Amino acid sequence: MTKQYWLMKSEPDEFSIADLERVRVEPWSGVRNYMARANMRRMSVGDEVLFHHSSVDPPGVAGLARVYRTNVLDEKQFDPASDYFDPKATREKPIWDCVDVEYVETFPHFVSMDRMRAEPALADMTVLQRGMRLSVQPATQAEYERIVELGHTEPPPPPPKPPKAPKVKKAAKPASAAAPRRAAKAARRPAKAAPAKTGKRSAAATAKTTKTAKTTKTARR
């Protein structure tokens, strides 16, 4: 039978590539999507698996696994304490089955989704399609081999950040064009003469002087 290639997602805080390395073989239990279940039912012993870490930043392929056994009963469907318990499932009529996967390798260089998107050879890969959230999905041999190559190749360093542009001081606002005209117009105006002090105070002083003169004339008589 022709070997097939798959990508299988797991949240690393639940089960990571390091966990698989530790236990060596593990049932891929907890899948509750009918299409993902159908994909596992298509698997054969010896099929190659890209072990994908999901729900992390960044997501991507962390290493490799291999299908070790098929038609494995998912025991979590019968456990009321499990997050994957299915009350409709019974021992007589189980609903969920899976495969056992075997640890193969942890990549020396994690292959992030962004790095995968930058590869023209991976443009049609299922995992990169918009809205694709399926936890078990097929891959082609070419896609598998290219990701293996990336996992053994150090990624290029990120481009340096461009330097910040120096702050430019704001130029002073130009004087209003009307200001020189107003100044010239003011210069042409004749200066106003100070008003003579001939108000009520001067009139009172004149009256006082006249009264004094009359008194003096009378006294001389």
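Cut-offs and rules
Residues numbered from 1 in each chain as written. Predicted model: local features only at pLDDT ≥ 70, side-chain atom pairs only at ≥ 80, totals over all residues. Heavy atoms only, no water. Core = buried A, V, L, I, M, F, W, Y, C linked by side-chain atoms within 4.5 Å. Buried < 20%, exposed > 50% of the residue type's maximum accessible area, 1.4 Å probe, protein only. Contact = heavy atoms within 4.5 Å. pLDDT = per-residue confidence, 0-100. Phe/Tyr/Trp six-rings, centres within 6.5 Å; stacked < 30°, edge-to-face > 60°. Helix = DSSP H or I, 4+ residues; strand = E, 2+ residues; numbered from the N terminus. Lys NZ or Arg CZ within 6 Å of the ring centre and 35° of its normal. Pairing = 2+ DSSP bridges. Axes fitted to C-alpha atoms, helices over the stretch in contact; angles between N-to-C directions. Arc of directions from axis to C-beta.

**Looking at the nonpolar core**
Alright, step 1. Of all hydrophobic cores here, the largest spans 22 residues; its most connected members are M8, W28, M40, M43, V99 and V136.
Alright, step 2. Apart from the residues lying within four places of it in its own chain, the contact partners of W28 are M8, K9, S10, M40, F51, C98, V99, V101 and V136.
Alright, step 3. Within the second largest apolar cluster, 18 residues are counted, among which are Y5, V61, L64 and M116.

**Quick look at the confidence of the model for the protein chain**
Regions with low pLDDT should not have their predicted coordinates read in detail.
Alright, step 1. This prediction gives the protein chain a mean pLDDT of 87; 79% of its residues lie at or above 70.
Alright, step 2. Counted against residues more than four places away or in other chains, residues 214-221, with its pLDDT under 50, gives zero contacts.

**Observations concerning the packing of aromatic side chains**
Alright, step 1. Per the counting criterion, the structure on display carries three aromatic pairs.
Alright, step 2. For the pair W28 and F51, a centre-to-centre distance of 5.4 Å together with 80° between the ring planes defines the contact as edge-to-face. Here F51 lies in strand β3 (residues 48-53) and W28 lies in the loop between β2 (25-27) and α2 (34-41), a separation of 23 residues in the sequence.
Alright, step 3. Classification of W28 by relative accessible area gives buried; the value is 7%.
Alright, step 4. Taking the relative accessible area as the measure of exposure, F51 reaches 0% and is therefore buried.
Alright, step 5. Taking NZ or CZ as reference, R37 lies 5.3 Å from the ring centre of W96, over its face.

**Some words on the sheet that holds strand β1 (residues 5-10)**
Alright, step 1. One open sheet accounts for six strands, arranged β2-β5-β4-β3-β1-β6; its pairing is mixed. Edge positions in the sheet fall to β2 and β6 (136-139), since each has one partner strand and no second. Looking at each pair of strands side by side, their axes are set apart by 35° on average, direction ignored.

**Here's the deal with helix α4 (residues 141-151)**
In an α-helix, one turn spans 3.6 residues, which is why side chains three or four residues apart end up on the same side.
Alright, step 1. Residues of α4 that are buried include every one of E143, Y144, I147, V148, L150 and G151, and no others. Around the axis of α4, the buried residues are gathered within 160° of arc, so they sit on the same side.
Alright, step 2. Those residues of α4 that are buried are in contact with β1, β3, β4 (60-73), β5 (97-112), α3 (113-117) and β6.

**Things to note about the pairing of β4**
Alright, step 1. In this structure, β3 lies alongside β4, joined through six bridges in antiparallel fashion. Residue pairing in the sheet places H52 in a bridge with V61 of β4.
Alright, step 2. Connecting β3 to the antiparallel partner β4 that follows it, the hairpin turn spans six residues, and S55 within it adopts a positive phi of roughly 55°.
Alright, step 3. When β4 meets β5, the two strands line up antiparallel, connected through ten bridges. Residue pairing for β5: V72 is matched across the bridge by C98.

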